[in-house]
Amino acid sequence: SLESYRYICKKIKSNIMIQRIQTVFLFLAAVFAGVLFFAPIASFGLGNEIVTLTIFGVENQTSTLPLLILTILMLMVPFVTIFMFKKREVQLKLSSLNVFLNAVFCGLIFLFYVDRIQETLSAETITYAFGTYIPLINMVLSILAMRWIKKDIELIKSIDRLR
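A brief look at the structure comes next. Sequence order as written defines the numbering, with residues in each chain counted from 1. In keeping with the predicted nature of the model, local features appear solely for residues at pLDDT of at least 70, side-chain atom pairs appear and are counted solely at 80 or more, and the whole-chain, interface and lining totals rest on all residues. Remark: hydrogens and water are excluded; side-chain values derive from all non-hydrogen atoms of the structure.

Our next topic: the overall build of the chain. Tallying secondary structure elements over the chain gives five helices and four strands in all. Contacts were defined at the residue level, with two residues in contact if any of their heavy atoms lie within 4.5 Å. Pairs at least 24 apart in sequence give 75% of the contacts found in the chain among residues at least 6 apart. Strands are runs of DSSP state E lasting at least two residues, helices are runs of H or I lasting at least four, and both sets are numbered from the N terminus onward.

Here the focus is the side chain of T81. Its location among the elements puts T81 in helix α3 (residues 65-82). Note on exposure labels: buried denotes an accessible area under 20% of the residue type's maximum, exposed denotes more than 50%, and partly exposed covers the range between, all computed with a 1.4 Å probe on protein chains only. By relative accessible area, which is 1% here, T81 ends up buried. In this view, T81 contacts L26, Q91, L94 and S95; residues no more than four positions away in its chain are not counted.

Within the secondary structure layout, I69 lies in helix α3. Residue I69 is classed as partly exposed on the basis of its relative accessible area, which comes to 43%. Once the C-alpha coordinates of I69 and I55 are considered, the two residues, 14 residues apart in sequence, prove to be 9.0 Å apart.

Turning next to the packing of aromatic side chains. Side-chain rings of Phe, Tyr and Trp, where Trp is taken by its six-membered ring, are said to pair if the distance between their centres is within 6.5 Å; with planes under 30 degrees apart they count as stacked, over 60 as edge-to-face, and otherwise as tilted. Under the definition given, this model contains four aromatic pairs. Centroid distance F27 to F79: 6.1 Å. Interplanar angle 75°. Geometry classified as edge-to-face. In this pair, F27 is assigned in helix α2 (residues 21-35) and F79 in helix α3, connecting sequence segments 52 residues apart. Aromatic pair F110 and Y128: ring centres 5.4 Å apart, planes at 55°, arrangement tilted.

For the rest of this paragraph, the subject is the packing of α3 against helix α4 (residues 88-121). Throughout, an axis means a line fitted to C-alpha atoms (over the contacting stretch in the case of helices), and angles, computed between N-to-C directions, take values from 0 to 180 degrees. At a minimum axis separation of 9 Å, α3 and α4 run at an interaxial angle of 160°. Classified by the interaxial angle, the pair formed by α3 and α4 is roughly antiparallel. In this structure, α3 crosses over α4, and the sense of that crossing is left-handed. Two secondary-structure elements touch here, α3 through L65, P66, L67, L70, T71, L73, M74, V77, P78, V80, T81 and I82 and α4 through Q91, L94, S95, L97, N98, L101, N102, V104, F105, L108, I109 and Y113. In what follows, roughly perpendicular refers to angles from 65 to 115 degrees, roughly parallel to angles under 35, roughly antiparallel to angles over 145, and oblique to any angle outside these ranges. Handedness of a crossing is defined here by the sense of rotation of the near helix relative to the far one, left-handed for an anticlockwise turn of less than a right angle and right-handed for a clockwise turn.

Structural data, given as structure tokens:
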């Protein structure tokens with residue numbers, strides 16, 4: 001009916017961003033990226049001593065500048081994506097970029113930093129902390145946001161076909 005059509009159009013073209021579920025997913029991704037500034041990524045056991053890897057380095061001795069830069073980008077991209085709510089195609093691309101940034105972060109942790117630090121310190125044990133899992137959580141949140149953005153795009157296309 002015409003009334004339901006107007007209701008759907010009004011709902012979609014509304015300037016209120018928070019009512020869209022992808023905004024919640026993107027906000028949570030940004031919050032989790034912010035948690036990386038405080039959460040340890042891994043701990044290395046050196047006998048009785050434990051050394052911790054964060055995005056700032058290992059006990060501020062080893063430089064992890066790429067992790068810090070990626071974390072800042074992983075924090076900024078979801079926020080920028082939220083405010084691009086009128087440009088859904090751009091939102092989709094930025095969400096894809098966020099998934100890529102989180103994948104690069106995971107790759108750096110597992111394929112580069114942990115091995116290099118373990119060899120340098122001759123660590124006996126490695127314990128992965130919560131910071132290791134944050135990029136994985138962010139990837140899931142970004143993929144969920146992408147799914148809902150695609151649904152919005154499809155809904156708008158179907159409404160345009162009705163006109």
